[in-house]
Amino acid sequence: MNRKRRTIGVLLLGTASLLALEGCGKVQADEAKGDPPPAKIVPFADPALFSVDHPEQFPLAAAAEHPTTSELVVTGTVSPDVSRNVPVVSLASGRVSAIHTRLGDTVQKGQLLMTIRSDDVSSGYSNYRMAVADEILARTQYERAKDLYEHGAIALNDLQVAQDTEDKAKIAVETMGEHLRLLGNDPDKPAYLVDIFAPTSGVLTDQQVTTGSLVQAYNTPYPFTISDLSSIWVVCDVYENDLANVRIGDTADITLNAYPDRRFRGRVSNIGSILDPNIRTAKVRMEVQNPGNMRLGMFVRATFHGQTSEMHTIVPASAILHMHDRDFVYVPAPGSRFRRVEVVSGDLLPDNLNVQEVKSGVEPGQQVVTNALVLDHVLAQ
């Protein structure tokens, strides 16, 4: 009996070993075929999905469509209108003895800017006095020749020569006197200083002289440059792919980094014909009236309004939640839940500040929570 039991045990053990070997062979065969083991899927919670007890407490509003013109937002800088830049030209060479204004000052037409001590004035007075002496001698000789001619002592030709000399002497006196007056001096009051006055009103945007420096007449660099900043240029860089959206005559809303709450209106007056080969942009120039707080070199943000109309999605302004420099809205989800969706918001409507544009993230007709801040506060608790 014991021998029979032993025989049955050996047979069972052998059968188990054969089954184990067969299973290992099947696994090795599956691995040889390259089939991966079956994947186990473990679901994770959606971090943008939130459950609430009473979803009916949060009113919903449907996103709508709003017609508007196409827009292009670019950056730029405030630049002077070169046609309103007036150089201050010195008519005399010399050394600067006094400067009465400084860079950045606002000056009026005719205001004294600087004083120059000039050898040109010294030589001008010298030439003027010699011309006056020559004219006196020529006039005396002409009077004598006229008297001699009346008594038949000289010929008519001699009288005419004396008269020509007198006329030329008068011209020389007038020319030398006008030269001194052009330099700002009175021919009858000798002085060796030249005063330089502002040719127009504006702001001194460039200064190339200091006290004691030399100034060359009619030569660059000019001592000062006066700019009329009542009308300025805003020059923006527009990428090559966006140039089709900008046309001469288009208007643009301009905001300054220094005054983000104020808006200025500009009009495109020129689109550059040459692209920057490094960044592939063209210079777009706008003319803007300056109320006084726009300063040269300021950075600006310009929004071009095109001539084509397009539809934008609008939602209540309170439906947009601003968090971590990003914008979100809450939309309803099945099972008393809300989903937080990131959106790209636009501007408030000018005629209704309670409504705001959404450029992407929400489609017209989609439901959103009217007051996202209240829902976010409840979820935070």
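Residue positions are given per chain, counting from 1 as you read along its sequence in written order. Reporting in this predicted model follows two pLDDT cut-offs: at least 70 for local features of residues, and 80 or more for side-chain atom pairs to be given and counted; totals over whole chains, interfaces and linings ignore these cut-offs and use all residues. Each side-chain value is derived from all of the structure's non-hydrogen atoms; neither hydrogens nor water enter the calculation.

Outline the pairing of strand 18 (residues 326–333), listing residues and values.
Classification of residues uses two cut-offs on accessible area relative to the type maximum, computed with a 1.4 Å probe and protein chains only: under 20% is buried, over 50% is exposed, and between them is partly exposed. Numbering of helices and strands starts at the N terminus; helices are DSSP runs of H or I of at least 4 residues and strands are runs of E of at least 2. Most of strand 18 sits inside the fold, with six of its eight residues counted as buried. Note that strand 17 (residues 321–323) and strand 18 share three bridges and pair antiparallel. Looking at the pairing, Met 323 lines up with Arg 326 of strand 18. DSSP bridges decide pairing: two strands pair if at least two such bridges lie between them. Taking the residues that link successive antiparallel strands as the turn, the strand 17-strand 18 hairpin has two residues, and the phi of His 324 there is positive, at about 55°. In this sheet, strand 19 (residues 337–349) lies alongside strand 18 in antiparallel orientation, the contact comprising seven bridges. Each residue of the ladder has a partner; that of Phe 328, found in strand 19, is Glu 342. Taking the residues between adjacent antiparallel strands as the criterion, strand 18 and strand 19 are bridged by three residues, where Gly 335 takes a positive phi near 80°.

Explain the sheet that holds strand 7 (residues 112–117) to me, and be specific about the residues and the numbers.
The strand order across the open sheet formed by four strands is 8-7-5-10, and the pairing between neighbours is antiparallel. Both outer strands of the open sheet, strand 8 (193–197) and strand 10 (214–215), are each paired with one neighbouring strand and no more.

Go over the packing of helix 2 (residues 119–150) against helix 3 (residues 156–182), please, and point to the residues and values.
Angular values range over 0 to 180 degrees, each being the angle between N-to-C directions of two axes fitted as lines to C-alpha atoms, with helices fitted over their stretch in contact. One way to put it is that helix 2 packs onto helix 3 with a least axis distance of 8 Å and a crossing angle of 160°. The angle between the axes of helix 2 and helix 3 places the two elements in the roughly antiparallel class. For the element pair helix 2 and helix 3, the recorded crossing hand is left-handed. Looking at the contact of helix 2 with helix 3, its residues break down into 17 nonpolar, seven polar and six charged. Relative orientations are named as follows: roughly parallel for angles under 35 degrees, roughly antiparallel for angles over 145 degrees, roughly perpendicular for angles from 65 to 115 degrees, and oblique for any other angle. Definitions for this section: a left-handed crossing has its near helix turned counterclockwise from the far helix by less than a right angle. A right-handed crossing has that turn clockwise. Under the convention adopted here, Pro, Cys and the residues Ala, Val, Leu, Ile, Met, Phe, Trp and Tyr are nonpolar, Asp, Glu, Lys and Arg are charged, and Gly plus all remaining residues are polar.

Residues and numbers for helix 3, please.
An α-helical turn contains 3.6 residues, so a residue and the one three or four places further along point in the same direction. With 27 residues, helix 3 should reach 39 Å at 1.5 Å per residue; the first-to-last C-alpha distance of 39 Å fits that figure. Residues of helix 3 that are buried: Leu 159, Ala 162, Glu 166, Ala 169, Val 173, Gly 177 and Leu 180. Only heavy atoms matter for contacts: two residues are in contact if any of them lie within 4.5 Å across the pair. Where helix 3 is buried, its residues meet helix 2. Directly beyond the C-terminal end of helix 3, a positive phi value near 90° is found at Gly 184. Expected helix span is given by 1.5 Å per residue-to-residue step, counting one fewer step than there are residues.

An account of the sheet that holds strand 4 (residues 85–88) is requested, with residue identities and associated values reported.
Strand order in the open sheet formed by four strands is 4-11-9-6, and the pairing between neighbours is antiparallel. Whereas interior strands pair on both sides, the edge strands pair on one side only; in this sheet they are strand 4 and strand 6 (106–107). Inspection of the sheet shows strand 9 (residues 202–207) paired to strand 11 (residues 224–227) by four bridges, in the antiparallel sense. The partner of Val 203 across the bridge, within strand 11, is Ser 227.

I'd like a rundown of the pattern of salt bridges, residues and numbers included.
Side chains carrying opposite charge are able to pair once their charged atoms draw close together. Salt bridges, as used here, are contacts in which a Lys or Arg side-chain nitrogen is within 4 Å of a carboxyl oxygen on Asp or Glu. In the structure shown here, the tally under the stated rule is twelve salt bridges. Among the ionic pairs, Asp 81 bridges to Arg 84, the shortest N-O distance being 3.6 Å. Since its relative accessible area comes to 7%, Asp 81 is described here as buried. Between Lys 168 and Asp 164 there is a salt bridge; the shortest N-O distance is 3.3 Å. A residue pair is termed a helical-turn pair when its members lie 3 or 4 positions apart in one helix, as Lys 168 and Asp 164 do in helix 3 at four residues. Among the residues examined, Asp 164 registers a relative accessible area of 37% and is labelled partly exposed. If you follow the salt bridges from partner to partner, you end up with Asp 81, Arg 84 and Asp 228 in one network.

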